[in-house]
Number of protein chains: 2
Amino acid sequence: MKISRSIPFTDTYISQTISDKYGEDSRLIYNLEDQGGEACSLRYDLTVPFARWLAMRSDVQHIKRYQIAKVYRRDQPAVSRGRLREFYQCDFDIAGIYDPMIPDAEILRIIAEVFEAFDMGITIKMNHRNILDGLFAVAGVPDDKIRPISSAVDKLDKMSWDEVKKEMVEKGLSEEAAEHVGLYVQRSGTMREMLSSLEADANLIMNQNVKEGVADLKLLATYIEAMGVGSKVSFDLSLARGLDYYTGLIYEIVPDRIDGQSTQVGSIAAGGPYDNLVGMYGRRPVPCVGISFGIDRIFTLLAERRKNKKASELGREADVYVMAFGGKDFEGLLVERMEVARQLWDAGIRAEFTAKVRPKPQQQFSASEGAPVAVILGQEELDAGQVRVKQLHVGDRNSAQKDKGQLVARQDVVDAVRALLALSVEGS
Amino acid sequence: MKISRSIPFTDTYISQTISDKYGEDSRLIYNLEDQGGEACSLRYDLTVPFARWLAMRSDVQHIKRYQIAKVYRRDQPAVSRGRLREFYQCDFDIAGIYDPMIPDAEILRIIAEVFEAFDMGITIKMNHRNILDGLFAVAGVPDDKIRPISSAVDKLDKMSWDEVKKEMVEKGLSEEAAEHVGLYVQRSGTMREMLSSLEADANLIMNQNVKEGVADLKLLATYIEAMGVGSKVSFDLSLARGLDYYTGLIYEIVPDRIDGQSTQVGSIAAGGPYDNLVGMYGRRPVPCVGISFGIDRIFTLLAERRKNKKASELGREADVYVMAFGGKDFEGLLVERMEVARQLWDAGIRAEFTAKVRPKPQQQFSASEGAPVAVILGQEELDAGQVRVKQLHVGDRNSAQKDKGQLVARQDVVDAVRALLALSVEGS
C-alpha cells in the first residue's frame, strides 16, 4: 500500500479554528495561556488537524497516510478503563476521490491486519448513519430528537434495553416510538444476515435513507469478502458514536473477551468516512475515510497479556555479557572488556559489561542474567591472545557452572559468539 | 546494551515544579490556560521530566533509557536554521552509580553509532566545566562574572575573537583578563594533544578545578579509545553551553561540512552528566549522564541529502501493481483485483490496485510507477484459472511494453511474484 510518511503536524492550534468542530465536546479542549496574542489549544484528535492540513495543501489530490501522536482531553480520567487526559492515537486515513466503498474496504483490511499482527481477537462493530436516521424516521422519532435519541441508543453496549428506553422516554420520545426503535436497534449479526433482514422489512427499505445505506453496505460486503475480512464484522444497529463529522459508515473495534472475561477498556479503535470536514476549512471538498487506533488502550491489553509470560519469552536485552575474573591482584581488565564489547558492537551484536573498574564475579554473573552467551577475560588468556566464550544458563545450573567454555583467539571472538548464539536459538 | 523502552512521560507538568530548573530560559516555557486550578506547562526538554520521574521512583537504582518526544519553546523561530517552537528530541540517558566516566564513554559510543547509522560525518566537541571554571580563575575572572563570561566565550563558534572580547569587556572584565582568557579558549585539538598541553601549563594545572577536570578527561580518553570513538572528539576550550544543570563534562555534536559548505543548523545533539538534578526533586541523589538528539535538525540535513537522490534510490512504496484489462464490455474485475491483492498481502507483499470499478489502462500504468512487478488480470485468463505476471519498467520502454509476461495459475501468483521481485533486486 502506498503510505505517506507521518506528516509533522503541530500539536498546537489556533483555538477558534478547531473549537467549533467538536460541538459539545469542545469543553474538553486544553487551551494555552495567552502569552502575547497567541490563542492556541492542544490537539484534541488527529482527524481535524489532518483535514485542516489537506485544506491548505491544494496540490494534494490523493493521499494515504499514518500518524502516531498524542492528543489531549480535559476529561475525568479513569486509568483502569484506559481513559486518560493525554494519550497516543495512531490514525490511518485515505483522502481523495475514489469509487464508492473501495477506500473504506481498504481501511477495514488494515484494521484486521493490525490486530492480526498483535495476535489480538477483535470484532469490527459497524453501522451506517443513513440507516440509523432512516429507522428513527420510520419508528416515528421527530427530526429534532434524532441526535439525543441516537446518543441514548449508543449506550446499549453498557446499559440494558430498559434503561436505554427510560432515557429515551425522559428525552421526550413517546413510549410507542421508543418500543419501535427498540425492535430495530437490538439487532446485530453478520453483514449478509442483517442486509437480508433489512431488505425483507418492507417498511424500512422504502425509506430513502435506509435504501442508500443498504446499497453502500452491500457493495462494501462484497469488497471486504474479497479482501478476506468479512468474518470480522458485526453489523450492529445500535452503534451511533458521538462525533458529528462522520458521514455514512461508522465502525468501532472491540477486543474479544480474554479467558471469558470482558475487558475494561471498551473500544480500542474507531473511524469512518468524513467527507465534509476538509470543505469546512477551504473551498475544495475532499472526501476522506480513516481509522484512529487508541494506542494506550491497546497497550493496556498487551501489557495484561505480557504479565502472564515468562521473562525468557519476552526477548533479551543483551546477546553477550563480557566479564573478567582474576586472582587477588586482579585489576579488572576494564579497558580490555571495553575493547571486546567494541568488537561485538561493531559486528552488530548487543554486548554489555559491568561498569566497574574491578567488578566482583558475583556482580557480573547476576548482571549477565538473560544473556545467552558470555565472553570471559583473564590475564593469562589475554597474554596468549585468547579469550573464553561460553553459553550461559544452559541445562542445569551445576553443569553450566562446570562448563569452562572454549578458548578462541581474540580476533575470532565475533565468529565464536555468533556460533554460540545460533546454538542458543536452536536450544530454546 | 540494556535499554529500557520509552517511558510514557506526560507532556504536561505542574508549572512551578519545572520553571525554576531552567533559570533565565524559563521565559520560553509554554503555560496552559488555568481552566480550574491546574497550573500546567508544556515540556521544555526531556531531561528535567526524566529526573523528576527518577526522583519519584525510588525502586529504580540503575536505568538506561531512550525517549523520543516533542518539546516546546516559546522562542523566536528560524526555520532555515532548524529553530522551531515545537520540535522532537530523542534522549538517551544512563542513571545510577557507576565507576567514573564509564557511562559517559558509553554515551559517546552511542552518539558515534547513531551518526554512523545515518552515514553522517560529525565532530563531538567536548569540554569540562571544571577546566573552564579553573582557567577563568587563573585568568583573573572574578567569581561573579564566570557565568556571563562563559556565555560570551560560548559564542566563539559564531563570532570572531574580537567580537567576543568586546562583549567580555562590556560585561566588566578587564582588558588584561580578557586577553588571558583568549589565550586559552581559542585552543582546540584531539583529547591527547589538549591534555598534554594543559598538563604542560604549570599555572593552569596547579588549579584544583583544572586538575580534577584533566583527571576525568584522561580516564575518558582511555575508555573512548578502547570503544573506538576517540578520533571523533575535538576538545574545545570555548565550549560552555547554556543550561545550568550539567556537571563536569559537556559535549555538543556538530555536522561536518557537506561539499565544503558549512551547514546552517548548528549543533544537532548535546549532552553531559547532570548529577544533582534528581536530588533537587527528592531526598535521593542519582547521578545521570545523557544525550539529546535534535531530530528535526538531523532530518533537515537528511532531507537536504535526499533531494540529490533519484526516486529509484529512495525505496518503493509498492512491490506489485494488480491491473486488469479487457475489451469494450470490460467490467473492470475489481473484486478479482481485490482477491489477488489479498493473496499478496497475506504473503506480506506490498500490493496496490486502482480504486476504480472500471479503470482505464493508462490510469493503471501511470499509477504503477515505481512498482517493479505487475499482476495482470483478463477475463479469458481468469476463466482458465490463470493470471499474467510481468516485470515493469525493465530495459527500454518498448521492449518492456512488448513483454507479455508469463501466465501462471492463480494459486501460484505469490511464488511467481516473489521470483520476479528477486530478479528485479538483482537487476537494479
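Being a predicted model, the structure only gives us computed values, none of them experimental. (Residues numbered from 1 in each chain as written. Chains lettered and ligands numbered in written order. Predicted model: local features only at pLDDT ≥ 70, side-chain atom pairs only at ≥ 80, totals over all residues. Heavy atoms only, no water.)

Chemist: Just give me the short version of the overall build of chain A, but keep the residues and values in it.
Modeler: Looking only at helices and strands, chain A has 17 helices and 15 strands in total. Buried positions account for 50% of the 428 residues belonging to chain A. In chain A, the proportion of contacts linking residues at least 24 apart, taken out of those at least 6 apart, comes to 69%. Entry remark: accessible area of chain A is about 20200 Å², with carbon and sulfur atoms responsible for 50%. (Helix = DSSP H or I, 4+ residues; strand = E, 2+ residues; numbered from the N terminus. Buried < 20%, exposed > 50% of the residue type's maximum accessible area, 1.4 Å probe, protein only. Contact = heavy atoms within 4.5 Å. Areas by Shrake-Rupley, 256 points an atom, 1.4 Å probe, with all protein chains shown as cover.)

Chemist: Hey, could you go over the interface of chain B and chain A for me, with residue numbers and the actual values?
Modeler: Taken together, the 49 residues of chain B in the interface contact 49 residues of chain A. Taking both sides of the interface into account, the surface hidden between chain B and chain A amounts to around 4800 Å²; carbon and sulfur atoms contribute 51%. Our enumeration of links across chain B and chain A arrives at four salt bridges. Where K64 of chain B meets E352 of chain A, a salt bridge forms, and the shortest distance between an N and an O atom there is 3.2 Å. On the surface where chain B and chain A come into contact, there are 10 residue pairs in polar contact (both at pLDDT 80 or more). In terms of residues, the side of chain B that touches chain A owes the most to one element, helix 13 (residues 334–346) of chain B, which gives seven residues. Looking at side-chain class alone, the side of chain B that touches chain A contains 22 nonpolar, six polar and 21 charged residues. (Buried area = accessible area lost by both parts, 1.4 Å probe. Salt bridge = Lys/Arg side-chain N within 4 Å of Asp/Glu carboxyl O. Polar contact = N/O pair within 3.5 Å; in protein donor to acceptor, adjacent residues only side chain to side chain. Nonpolar A, V, L, I, M, F, W, Y, C, P; charged D, E, K, R; others polar.)

Chemist: Please give an account of the relation of the copies chain B and chain A that cites residues and values.
Modeler: Superposition record for chain B on chain A: RMSD 0.1 Å, screw rotation 180°, translation along axis 0.0 Å. Taken together, the turn and the small shift mark the pair as related by a two-fold rotation axis. A shared interface surface links the copies, since 100% of the contact residues of chain B are contact residues in chain A too. (Least-squares fit on C-alpha atoms with pLDDT ≥ 70 in both.)

Chemist: Can you break down the environment of M338 of chain A residue by residue, with the values?
Modeler: Its place among the elements puts M338 of chain A in helix 13 (residues 334–346). Excluding its chain neighbours within four sequence positions, the residues that come into contact with M338 of chain A are F353 of chain A together with I102, Y223, A226 and M227 of chain B.

Chemist: Can you explain unusual backbone geometry? Please cite residues and give values.
Modeler: All names here are of chain A. A positive phi angle, near 50°, is found at L333, a position not held by glycine. Note that L333 resides in the loop between strand 11 (320–324) and helix 13. Owing to a relative accessible area of 8%, L333 belongs among the buried residues under this scheme.

Chemist: A description of helix 3 (residues 102–117) of chain B should follow, citing residues and the corresponding values.
Modeler: Residues and elements named next belong to chain B. Under the 1.5 Å per step criterion, the end-to-end length of helix 3 is 23 Å for 16 residues, consistent within 8% with the ideal 22 Å. For helix 3, the buried fraction is high: 12 of the 16 residues fall into the buried class. If you check which residues of helix 3 are buried, you get I102, P103, D104, A105, E106, I107, L108, R109, I110, I111, A112 and F115. Among the residues trailing helix 3, D119 stands out with phi positive, at a value near 55°. (Expected span 1.5 Å × (residues − 1).)

Chemist: Which residues make up the sheet that holds strand 14 (residues 386–391) of chain A, and what values go with them?
Modeler: All names here are of chain A. An order of 12-11-13-14-15 is seen for the five strands of this open sheet, with the pairing classed as mixed. Edge strands, defined here as strands with exactly one partner in the open sheet, are strand 12 (351–353) and strand 15 (406–409). Strand-to-strand, the axes of this sheet are offset by a mean angle of 30°, without reference to chain direction. Of the strand pairs in this sheet, strand 11 and strand 13 (residues 373–377) are connected by five bridges, and their pairing is parallel. Within strand 13, the position partnered with A324 by the bridge is L377. Relative to strand 12, helix 13 is tilted by about 170°, and along the sheet it contacts strand 11, strand 12 and strand 13. (Pairing = 2+ DSSP bridges. Axes fitted to C-alpha atoms, helices over the stretch in contact; angles between N-to-C directions.)

Chemist: Can you lay out the packing of aromatic side chains for me, pointing to particular residues and giving the numbers?
Modeler: Here a ring pair, both rings aromatic, is described through the centre-centre distance and the interplanar angle of the planes. Residue and element names in this part refer to chain A. Applying the stated criterion across every chain yields a total of 10 aromatic pairs over all chains. Consider the rings of F115 and F293, whose centres lie 5.7 Å apart with planes at 55°: the pair is tilted. Here F293 lies in strand 10 (residues 288–294) and F115 lies in helix 3 (residues 102–117), a separation of 178 residues in the sequence. In this pair, the class of F115 matches that of F293, namely buried. With a centroid separation of 6.4 Å and 40° between ring planes, the pair formed by W345 and F353 is classed as tilted. (Phe/Tyr/Trp six-rings, centres within 6.5 Å; stacked < 30°, edge-to-face > 60°.)

Chemist: Can you break down the UniProt feature "binding site: L-histidine" (unreviewed entry) in chain A residue by residue, with the values?
Modeler: All names here are of chain A. Per the UniProt entry, the sites bearing "binding site: L-histidine" (unreviewed entry) are D45, L46, T47, R73, Q89, D93, R241, Y245 and Y246 in this numbering. Within the secondary structure layout, L46 lies in the loop between strand 2 (40–42) and helix 2 (47–56). A relative accessible area of 0% places L46 in the buried class. Ignoring any residue separated from it by four or fewer positions in sequence, one finds L46 in contact with R65, Q67, A69, V71, Q89 and D91. (UniProt positions renumbered as here; feature names shortened; annotations may be inferred.)

Chemist: Residues and numbers for the side chain of D104 of chain A, please.
Modeler: Residues and elements named next belong to chain A. One can find D104 in helix 3. Although D104 lies buried, it forms no salt bridge, and the closest oppositely charged side chain, K64, sits 12 Å away as judged by the N-O distance. Apart from residues no more than four positions distant in its own chain, D104 is found in contact with L220, L249, P273 and V289. (Lys, Arg positive; Asp, Glu negative; His and termini not counted.)

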